[in-house]
Amino acid sequence: MAPRPAPHLSVPSCCQYLPPTATNTSAQLTALRDAMRAHNVHAYIVPSTDAHMSEYIAERDARLGWLTGFTGSAGTGVVTEDRAALWTDSRYWTQAERQLDCNWELQRTTWIESIGTWIVELVPAGGNVSLDPFLFSIDTWHSYQQALQGSGITLLPMETNLVDQVWGNQRPPSPSSYIYSLPEEFTGSSWQEKVAGIRQQMEQHTRSPTALLLSGLEETAWLFNLRGDDIPYNPVFYSYTLLTTTNISLFVDSARLTAEAQQSLRSGCPGLLCVELLDYGQVSAHLRHYAQGNVTIWLGTEYTTYGLYSIIPQEKLLEDSYSPVMLAKAVKNAKEQELLRAAHVRDAVAVIQYLLWLEKMVPQGRVDEFSGARHIDALRWAQQHSRGPSFESISASGLNAALAHYSPANGSSRQLSVDEMYLVDTGGQYLDGTTDITRTVHWGTPTPLQKEAYTRVLMGNIDLSRLVFPSDTAGRTVETFARRALWEVGLNYGHGTGHGIGNFLSVHEWPVGFQSNNVPLTAGMFTSIEPGYYRDGEFGIRIEDIVLVVEAQTKHSTGEKPFLTFEMVSLVPYDRNLIDVSLLSQEHIKYLNAYYETIRARVGPELQRQQLEEEYHWLQRSTEPFPQSSAASSTAAVLGMLAVTSLASVLLAELQA
């Protein structure tokens with residue numbers, strides 16, 4: 001079988017010279033190719049995911065990073081007998097260029113069709129392309145099948161993970177830290193109440209499922225009010241759950257459960273609320289046995305791997321994009337809302353401390369991006385109920401801020417300067433909630449473009465935050481309100497406008513947000529609103545706040561579902577030095593002044609309680625009200641109203657479609 005002709009590509013001999021940011025991967029690739037030949041595999045696909053489709057992964061699951069040297073959070077590697085390539089999106093192109101050695105080709109796309117085309121050009125007809133089915137989502141598996149259809153190439157699921165095999169004893173060990181119960185004061189309801197609510201949904205479903213399979217780590221953690229630290233920045237632990245109408249099976253390393261956690265889970269034994277503890281590795285065998293009966297198994301396809309999915313006969317499946325647990329978790333009850341609000345007050349204290357510290361230290365030339373990131377993390381750790389950062393802090397000065405997901409490294413980060421913009425995107429994990437906030441500042445004289453761009457990003461944040469919209473509106477339908485002020489002058493940003501956030505869980509909590517695959521907005525959901533603008537090679541701007549979806553107080557009531565709006569939860573003022581007040585409408589200014597009153601009322605007392613008098617006075621200065629009358633603002637209001645009216649007509653058309 002001769003391979004199909006491939007386009008000529010000269011790959012230099014590796015690796016006589018390596019830049020300090022790259023890793024020599026020759027040994028890893030040689031070992032993997034030996035394993036591939038032993039299994040008659042012509043191409044092997046390696047994802048950046050784990051077996052639970054987690055956004056963040058543990059070090060032992062960083063197979064793509066070990067194989068390629070690339071440490072970005074999104075990517076796919078493919079290795080053939082003599083070629084290797086990495087696919088990733090635009091957020092990581094610069095990083096990949098720095099980290100990949102000359103064994104690897106960088107493909108600047110994430111389309112599976114592109115991966116399939118590349119494979120078909122290199123793998124002979126009749127050849128085998130293999131992957132670990134427990135690391136790929138159902139949709140991704142089907143996409144690879146489609147991409148290879150008609151090529152004569154077989155897509156071969158292989159439960160033996162070849163990267164793990166060659167990684168061997170160098171692979172980081174399984175986690176051994178405790179899995180613990182979240183104290184009752186930090187839970188919205190007991191796990192027994194949550195299980196009862198999910199079982200009620202199962203009973204009321206038209207297909208009457210007999211079981212619900214939970215694969216997402218957040219799902220099990222939320223359901224049982226348990227937390228761990230198996231994944232960096234995320235208080236979750238390796239687990240699966242099979243919840244039936246009569247039994248509860250938790251697949252976990254039970255030896256890691258604290259005595260209190262075990263007692264909580266076993267308190268209902270025997271009975272319908274007795275949790276059976278099974279080994280984490282038994283989930284496939286247990287599911288295969290259960291599926292032999294007269295059963296219907298409900299699952300969410302977004303977080304279930306093809307490996308588990310393929311065990312269940314098609315006629316016994318009940319599929320939704322998201323499980324009922326994922327949807328229930330997304331809508332916070334009254335207690336959970338208060339917990340998250342309280343976490344954001346203390347988080348605001350840490351951010352205000354940081355901004356004041358920067359004002360004093362940056363003019364002295366004593367802060368770089370890395371030391372700044374470490375300092376904000378330390379300030380959060382000092383707050384009550386803190387459990388550390390919720391993601392790797394983004395501390396970006398000047399041109400680095402144009403990279404939307406830049407994180408500094410020790411020894412190679414830029415020094416902060418009064419002459420450059422600085423973007424800081426950080427968050428914290430607290431027992432009562434998760435936070436995420438971005439502020440952009442300038443300590444000197446910003447350029448006219450910087451000031452206008454910042455003000456228009458702020459206008460977009462305000463326009464979406466104060467929007468009133470019908471119940472069950474999809475986030476994607478209204479997210480253009482965050483872009484309107486930028487679009488007016490031909491500017492835009494390339495990332496999403498927002499994401500959900502958890503109660504001491506994930507900083508990016510699906511399925512809430514403004515993307516096409518998010519669920520409609522519902523009262524009780526928390527989401528970020530984070531428009532931005534990035535000028536490559538010069539500067540970047542992002543303003544991110546967390547908001548809560550609440551019922552709107554409208555002049556008229558139709559008797560149908562109430563209209564909705566957003567309540568601001570983040571409580572840190574914006575940089576006055578970057579705001580061009582002449583661009584703001586009277587409504588913008590009114591909103592800002594009301595927001596600043598709220599910040600003073602909520603954060604001021606906490607600063608005083610913590611005896612942070614200098615920070616308290618900084619807050620008073622930074623939240624001085626803006627003047628509410630100017631001809632320019634009147635003009636801005638008219639232009640803004642015309643644009644909003646145009647967007648509103650689009651919104652109405654989508655709702656009526």
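Because the structure is a prediction, the values reported are computed rather than measured.

## Quick word on helix 1 (residues 26-38)
- Across its 13 residues, helix 1 extends 19 Å between first and last C-alpha, which sits within 8% of the 18 Å expected from 1.5 Å per residue.
- When helix 1 is considered as a whole, its buried residues turn out to be Gln 28, Leu 29, Leu 32, Arg 33, Ala 35 and Met 36. The buried residues of helix 1 all sit within an arc of 160° when viewed along its axis, so they share a single face. When the buried face of helix 1 is taken as reference, the exposed residues oriented beyond 90 degrees from it are Ala 27, Arg 37 and Ala 38.
- Elements that come into contact with the buried residues of helix 1 comprise strand 1 (43-47), helix 2 (63-68), strand 2 (76-80), strand 3 (84-87) and helix 6 (162-167).
- Once helix 1 finishes, Asn 40 follows within two positions and takes phi at roughly 55°, a positive value.

## Digging into the packing of aromatic side chains
- Taken as a whole and judged by the stated rule, the model has 19 aromatic pairs.
- Each ring, one from Tyr 56 and one from Tyr 233, has its centre 6.1 Å from the other, and the planes form 65°; the classification is edge-to-face. Of the two residues, Tyr 56 sits in the loop between strand 1 and helix 2 while Tyr 233 sits in the loop between strand 9 (226-227) and strand 10 (240-244), which places them 177 residues apart along the sequence.
- Looking at Tyr 233, the relative accessible area reads 31%, which means it is partly exposed.
- Centroid distance Trp 87 to Trp 118: 5.3 Å. Interplanar angle 85°. Geometry classified as edge-to-face. Of this pair, Trp 87 sits in strand 3 while Trp 118 is found in helix 4 (residues 112-122), placing the two residues 31 residues apart along the sequence. Comparing Trp 87 with Trp 118, the two get one shared label, buried.
- These aromatic residues form a ring-pair network of at least three members: Tyr 574, Tyr 595, Tyr 596 and Phe 626.

## Quick word on the nonpolar core
- Residues Leu 358, Leu 464, Phe 566, Tyr 574 and Val 603 are the most contacted members of the largest nonpolar core, which totals 84 residues.
- Examining the composition of this core, we find that 12 residues originate from one element, helix 13 (residues 334-361), more than from any other.
- Counting contributing residues, this core receives three or more from each of domain 2 (180-329) and domain 3 (334-616).
- Each residue touching Leu 358, except ones within four places of it in the same chain, is listed here: Pro 363, Val 367, Leu 416, Tyr 422 and Trp 443.
- Ala 85, Leu 131, Phe 136 and Leu 299 belong to the second-largest nonpolar core, a separate cluster that totals 43 residues.

## Focus: the sheet that holds strand 4 (residues 105-107)
- Reading across the sheet, the six strands line up as 4-3-2-1-5-6 and stay open at both edges, with mixed pairing between neighbours. Where the open sheet ends on each side, the last strands, each with one partner, are strand 4 and strand 6 (154-157). Each strand of the sheet is rotated relative to its neighbour by a mean of 25°, with strand direction disregarded.
- Across the face of the sheet, helix 1 comes into contact with strand 1, strand 2 and strand 3 while running at roughly 65° to strand 2.

Scoring rules and cut-offs
- Residues numbered from 1 in each chain as written.
- Predicted model: local features only at pLDDT ≥ 70, side-chain atom pairs only at ≥ 80, totals over all residues.
- Heavy atoms only, no water.
- Helix = DSSP H or I, 4+ residues; strand = E, 2+ residues; numbered from the N terminus.
- Expected span 1.5 Å × (residues − 1).
- Buried < 20%, exposed > 50% of the residue type's maximum accessible area, 1.4 Å probe, protein only.
- Arc of directions from axis to C-beta.
- Contact = heavy atoms within 4.5 Å.
- Phe/Tyr/Trp six-rings, centres within 6.5 Å; stacked < 30°, edge-to-face > 60°.
- Core = buried A, V, L, I, M, F, W, Y, C linked by side-chain atoms within 4.5 Å.
- Domains from an automatic or database assignment.
- Pairing = 2+ DSSP bridges.
- Axes fitted to C-alpha atoms, helices over the stretch in contact; angles between N-to-C directions.

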